[in-house]
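Chain and residue survey
Residue-level listing of the chains:
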Amino acid sequence: MGSIYKSSRTTVAVLLVIAAMLGFFADLYNIQIKNNDYYAAQNNTVKTYTVTLEAARGEIVDRNGNPLVTNRQGNSIVLNAAYFPDSSENDKRNDVVFNLLTLFKANKEEYARNLPLKLVKGKVAFITKKDDEDYESAIATMKSKDMFDLQPYATAQNCFDAMVEKYGLEDYLQKYDLKTVLELGNIRYELTRLLFSVSNPVTIADDVSDKTVAQIKENLTMYRGADVRVVAYREYADSTLAPHIIGTVRKINAEEYERLKPEGYGITDEIGESGIEAAMESSLRGTPGEKTVTIDRDGNISEEITKEPVQGDTVVLTIDKDLQKLAQDRLRSVCRSVDTRHSTGAVVVEDCNNGEILAAASYPTYDLNDYYDRYNELLKENNTPLYNRFAMGTYAPGSTFKPMMSLAALEEGVITENTTFDCGKYMKVADHVFKCTGEHGGETVRTALRDSCNIFFYNCAQRLGIEKMNTYGKMLGLGEKTGVEIPEAKGILAGPEYRKQFGTLWAPGDTVQAAIGQSDNLFTPLQLCNYTATIANGGTKYQMHFVKSTISRGTGKVDATEISNDGTISVKESNIQIVHEGMRLVATEGGPARVFSDLKTKVACKTGTSQVVIKGVKHNNGFLITFAPYDNPEISVASAIEMAGSGTSTAVITKSIVNYYYNHNSHEKKAQNYSSLLN
């Protein structure tokens, strides 16, 4: 009996424990899930939210510390959910938005307009490509589950009706016209699109006037939830200077936000879109701060900055501001003198001994201040000002290819410095007759460079063969990317390998054409400049770069760009010297001699032309590669002018650049300028 009694007592105890636990779980479910809102409202614990504070982007300066891109303080209007009417109070929210829109219009302020709907002849319609290049994506987002939750085939009117219902705009639809309702819905849509919450205030108007700021602060009841935030806006010392290098900044898009969210980016952050702004995003972005917002049970709100934002690093570029300005001005002048409407071009200046780019200009160009306002217009312009010709433009280099051919032929021993080929203007290869620009008679490698004799280099090509030619072309960086921080084209080094892609054969005649920079050869001005620098400095090919260093805003630490090279190419110094001497003859006795005759600095150069057909009419593009000074090269210059007729016509650009560089940039001054920047 005793054992039975004990067993029963144990069973009862276990059942009681189980019952107690079930009761506990039932209470827990009731509190945390079923009636969570009720118990949360009764809880005396305060609610805290973390709001991200944007950090100002770092500045961009030239090699001497002259500001190129800085920040100015301006005011933006944000809606703060901690003070804005609750999401259940649509009428009150709409009233506040209506009051703000009325104020913005009265003061001629720009405000957010991202709802992809518009009015056309009194009817609601979708925006089109004319309004926004990404219009299809914007419309798809509007119809998505997170927004209006409509089918893909929903009409513009369907979207408008869904907007009116979602935001409770029925009363406004009765009182006001469609335009007013659409503008109201636009601001409400912006809040939804940007995940409006206490932790995520949303900007609805950028860079507003002091008058607007004062009116909002003086009547916080009418503009409940509207707050003024001091914001750093990009400012340019000269908004037309080096836009293709500096690049642009814009609001982050949805795809970028999803990708960069783990790195701390917010849905309203700005991001570098192009140029150095994009390439150096991680340095320029800075470190966001934090503000803690506390709301107690009675609705009292307090705010405290718990982490100060830190401005992004200063990026020091290799370019010289004044040299860049000069290069742009001279390039524009030459292009306009050739053909005001159609001629375009580029010029690049490089330090031969470290790969630093001192200037790089593309014409036509654009103004960074109105880039976004004029974006669609700029896209449609026939001469494509947004196109970066010095990095993305590829050109048949013409006779600027001949210094490479000279070096290859000398190095491979197929010619010596005294080898002579007779130029009678014509030369037959296989079944084709190829010609020269003149009848030069006996030519050695030096005079062939001076006279740009095609016959001489046809003979070199036959002795070398295309494979050897391309070996040296690659060694000198032709048809290869230079390594700059911004996007660049690879170009094409003509040969059988390239032709295979199209299933066509390489013929003997192609080899002689390639030898004078024709055939399939296509190189960028950056490549031509770096190739010239490599020949000038004795054979070291440096990686080109635009960034000299970064300077930490927080610590002052300087991180200099590591000078990178592919090593010195294996060629005899004597052969390099022969090429130098031939290029010097071009400057003293060739076409550019009349331009360079009064230069105090000795230069060596090579001209080039290549034929293009524009609307059925043949034109010659002009090229010039130069290094200076001749005896101890420091800089290389490459220019490409479309429709220029000859390389000589571009010499005035190079002359101005060399004059400026040696009048303003002694070694002592360059060292002093950079040193003062770091102190």
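Residues numbered from 1 in each chain as written. Predicted model: local features only at pLDDT ≥ 70, side-chain atom pairs only at ≥ 80, totals over all residues. Heavy atoms only, no water.

Structural notes on the overall build of the protein chain
Broken down by element type, the protein chain carries 25 helices and 25 strands. For 679 residues, the compact-globule estimate of 2.2 N^0.38 gives 26 Å, and the C-alpha radius of gyration of the protein chain, at 34 Å, exceeds that figure by more than 25%. Expressed along its principal axes, the backbone C-alpha trace of the protein chain runs to roughly 120 × 80 × 55 Å. Counting only residues that meet the buried cut, the protein chain has 50% of its 679 residues in that class. Across the protein chain, the fraction of contacts at a sequence separation of at least 24, relative to all contacts at a separation of at least 6, is 70%. Split by element, the accessible area of the protein chain, about 32,700 Å² in all, is 48% carbon and sulfur. Averaged over its 74 positive side-chain charges, the protein chain has a centre that lies 3 Å from the centre of its 86 negative ones. (Helix = DSSP H or I, 4+ residues; strand = E, 2+ residues; numbered from the N terminus. Rg over C-alpha atoms; globule rule 2.2 N^0.38 Å. Buried < 20%, exposed > 50% of the residue type's maximum accessible area, 1.4 Å probe, protein only. Contact = heavy atoms within 4.5 Å. Areas by Shrake-Rupley, 256 points an atom, 1.4 Å probe, with all protein chains shown as cover. Lys, Arg positive; Asp, Glu negative; His and termini not counted. Charge placed at Lys NZ, Arg CZ, Asp CG, Glu CD.)

A word on the packing of helix α15 (residues 402–411) against helix α22 (residues 573–589)
With their axes 9 Å apart at the nearest point, α15 and α22 run at an angle of 145 degrees to one another. Crossing handedness for the pair α15 and α22: right-handed. Contacts between α15 and α22 involve Pro403, Ser406, Leu407, Leu410 and Glu411 on the former and, on the latter, Asn575, Ile576, Ile578, Val579 and Met583. Residues of the contact of α15 with α22, tallied by class, amount to seven nonpolar, two polar and one charged. (Axes fitted to C-alpha atoms, helices over the stretch in contact; angles between N-to-C directions. Left-handed = near helix turned anticlockwise from the far one by under 90°. Nonpolar A, V, L, I, M, F, W, Y, C, P; charged D, E, K, R; others polar.)

Re the pattern of salt bridges
In total, this model carries 33 salt bridges according to the counting rule given. Here the salt bridges share partners, and the residues they tie into one network are Arg57, Arg234, Glu277 and Glu281. (Salt bridge = Lys/Arg side-chain N within 4 Å of Asp/Glu carboxyl O.)

As for a negative patch on the surface
Taken together, Asp91, Asp95, Asp161, Glu165, Glu170 and Asp171 make up a surface patch of like negative charges. For the negative patch, the elements supplying multiple residues, two or more each, are α3 (90–106), α5 (156–166) and α6 (170–175). (Patch = residues over 30% accessible without salt bridge, like charges linked within 9 Å, V, L, I, M, F, W, Y side chains within 5 Å.)

As for unusual backbone geometry
With an omega of 0 degrees, the peptide bond between Tyr363 and Pro364 qualifies as cis. In this structure, Pro364 sits in the loop between β14 (357–363) and α14 (375–380). The omega torsion of the bond from Ala628 to Pro629 falls at -15 degrees, within 30 degrees of zero and hence cis. Relative to the helices and strands, Pro629 is located in the loop between β24 (617–628) and β25 (635–641). For Leu195, which is not glycine, the phi torsion reads 55 degrees and is therefore positive. With respect to the helices and strands, the residue Leu195 is situated in the loop between α7 (178–193) and β6 (202–208). The backbone phi angle of Ala242 is positive, close to 50 degrees, even though this residue is not glycine. As for its placement among the helices and strands, Ala242 is situated in the loop between β7 (226–236) and α9 (243–246). Residue Ala242 is classed as buried on the basis of its relative accessible area of 3%.

A look at the nonpolar core
Burial of nonpolar side chains together is a common tendency in soluble globular proteins. Within the largest apolar cluster, 90 residues are counted, with the highest numbers of intra-cluster contacts made by Ile276, Phe390, Met405 and Phe546. Beyond its immediate sequence surroundings of up to four residues, Phe546 is in contact with Ile245, Ile276, Val316, Leu317, Thr318, Ile319, Ile357, Ala360, Phe390, Val484, Glu485 and Ile486. Of all hydrophobic cores here, the second largest spans 55 residues; its members include Ala81, Val97, Ala156 and Phe160. (Core = buried A, V, L, I, M, F, W, Y, C linked by side-chain atoms within 4.5 Å.)

On their own, these measurements won't tell you what the molecule is for.
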